[in-house]
Amino acid sequence: MRNPVGPLPSSIYWRRRAVAGLLVALLAALIAWAVTSVNGGGTKDDGKPGGSDPVESITPGPGSSGPRITQRPGGRDESEDSEGSEGTGGSGGGSGDTSGAGSEGDSGSGSGSGGTSTGGADTAGAGDGGTGSGGSTAGRQVPANSPLPECKPGALELTLRTKVSYGPDDRPKFEIIARNTSSAACKTDLGPKNVVLTVTEASEDNDDVIWSSKDCPAAPGPLFFQVPAGATIVHTVDWNRARSAPNCATPPPGKAAPGTYLLEAKAPDTPLRRASFVLKKD
């Protein structure tokens, strides 16, 4: 061991032994450092797993003594919901005629402050809480010679709706609702002489007609609307409370007095639709 045997000088063999020893010592030092680092990280922060910091406490929210939120989401309070708005009219606008009615053309559905009276077949309408139908869309007026086919009687459902009551300064609005139950678009005539609206006093002693849409309309011709497949449209007619007479004769003087009235809608191949409303004194 002390005297290396080989063809080279002994000094070369001693140098090789020195280099090998240094490498072994360096490797041992690296292993010791790695073991120390691993053990030191595991004991950091008082032996807590992974050296994680303490969990911060969660501050509770306002107690029961704090201010309560009284406003509903969206910035509307209950007082706004209780005050319904008039139904929104369409682009046509109300154009008065000599019979006291105006057509609002392509109108959407609306809500009334006094509820709505909806008439089915041969039934008097009852208040439904003041909310209009949700699925109605604005109908588009089309010319009579439109290539659209006319709606078949079995494919079109008509209903009638109005508010339950009107104040002294309110102008009653009558909504004709048409729903297409077929799978194809069609057109229907909602004109004043095809869908005839009549207003009579709801009294056992007097059932005379106060007003009729066919008596003296400003536009007596047909009024066709497109009804898309499976859709519902609303056509609104407003009444200025004036009386009417057939064939544009001179009607009795004065306007409709406060009281309860019956509204009816008659259309070909459609059951009679009824609803009722009240004209208030104040």
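Sequence order as written defines residue numbering, which begins from 1 separately in each chain. For a predicted model such as this one, the threshold for reporting local features is a pLDDT of at least 70, and the threshold for listing and counting side-chain atom pairs is 80 or more; totals across whole chains, interfaces and linings nevertheless cover every residue. Excluded from the side-chain calculation are hydrogens and water; included are all heavy atoms of the structure.

### Regarding the environment of asparagine 247
Relative to the assigned elements, asparagine 247 resides in the loop between β14 (232–239) and β15 (259–267). Accessible area is worked out with a 1.4 Å probe on protein chains only. A residue is then buried under 20% of its type maximum, exposed over 50%, and partly exposed in between. Here asparagine 247 falls in the exposed class, since its relative accessible area comes to 73%. Sequence-wise, asparagine 247 and cysteine 216 are 31 residues apart; in three dimensions their C-alpha atoms are separated by 6.0 Å. Numbering of helices and strands runs from the N terminus; a helix is a DSSP stretch of H or I covering at least four residues, while a strand is a stretch of E covering at least two.

### Some remarks on the confidence of the model for the chain
A score between 0 and 100, pLDDT records how confident the predictor is in each residue. Here the chain averages 75 in pLDDT, and 62% of its residues register 70 or above. Here a residue-residue contact requires only that any non-hydrogen atoms of the pair lie within 4.5 Å. In this model, residues 104–113 is a region of pLDDT below 50 whose contacts with residues beyond four sequence positions or in other chains number 54 contacts.

### A short note on the nonpolar core
Within this scheme, the nonpolar core is defined by two criteria: the residues are buried Ala, Val, Leu, Ile, Met, Phe, Trp, Tyr or Cys, and they are joined through side-chain atoms within 4.5 Å. The biggest cluster of nonpolar side chains holds 29 residues, and the ones touching the most others in it are Leu158, Phe174, Leu197, Val199, Trp239 and Phe277. Of all the elements in the fold, those that place two or more residues in this core are β7 (156–163), β9 (173–180), β11 (196–201), β12 (209–212), β13 (224–227), β14, β15 and β16 (270–279). By residue number, the principal contributor to this core is β15, which donates 4 residues. Beyond its immediate sequence surroundings of up to four residues, phenylalanine 174 is in contact with Arg161, Thr162, Leu197, Val199, Trp211, His235, Thr236, Val237, Trp239, Leu263 and Phe277.

### Comments concerning the state of the cysteines
Our working definition of a disulfide is a cysteine sulfur pair at a distance within 2.5 Å. What the rule picks out here adds up to 2 disulfides. Each sulfur of the disulfide joining cysteine 151 and cysteine 186 lies 1.9 Å from the other. Negative torsions about the S-S bond denote left-handed disulfides, and the value of about 90° found for cysteine 151 with cysteine 186 makes this one right-handed. Remark: cysteine 186 occurs in strand β10 (residues 186–189) and cysteine 151 occurs in the loop between β6 (140–141) and β7; sequence separation between them is 35 residues. The pair cysteine 151 / cysteine 186 is uniform in exposure class, with both members buried.

### Quick notes on the sheet that holds β10
Pairing in this open sheet of 3 strands is antiparallel, and the strands run β6-β13-β10 from one edge to the other. Whereas interior strands pair on both sides, the edge strands pair on one side only; in this sheet they are β6 and β10. DSSP-based pairing: two strands are paired if at least 2 bridges between them are found. Where β10 lies against β13, 4 bridges are found, and the strand directions are antiparallel. Considered in β13, the bridge of aspartate 189 is made with phenylalanine 224.

### Let's talk about the pattern of salt bridges
Any carboxyl oxygen of Asp or Glu within 4 Å of a side-chain nitrogen of Lys or Arg constitutes a salt bridge here. This structure, assessed with the given rule, holds 4 salt bridges. A salt bridge links glutamate 157 to arginine 179; the shortest N-O distance between them is 2.9 Å. Separated by 22 residues along the polypeptide, glutamate 157 in strand β7 and arginine 179 in strand β9 bring together distant segments of the chain. Under the relative-accessibility criterion, glutamate 157 is labelled partly exposed at 38%. Among the residues examined, arginine 179 registers a relative accessible area of 37% and is labelled partly exposed.

### Quick look at the sheet that holds strand β8 (residues 165–166)
Paired through their backbone hydrogen bonds, the strands of a sheet run either parallel or antiparallel. Strand order in this open sheet of 5 strands is β8-β16-β15-β11-β12, and the pairing throughout is mixed. Two strands close off the open sheet at either side, each with one partner strand: β8 and β12. Pairing analysis gives 3 bridges linking β11 to β12, with the strands arranged antiparallel. The residue bridging threonine 200 from the neighbouring strand is valine 209, located in β12.

### Here we look at the side chain of threonine 198
Position of threonine 198 among the secondary structure elements: in strand β11. If we skip the residues at most four places from it in the chain, threonine 198 touches Val209, Trp211, Ser212, Leu262, Leu263 and Glu264.

### Digging into the pairing of β13
Here β13 shows two buried faces, one formed by Phe224 and Gln226 and the other by Phe225 and Val227. The pairing of β6 with β13 spans 2 bridges and is classified as antiparallel. Bridging across to β13, arginine 140 finds its partner in glutamine 226.

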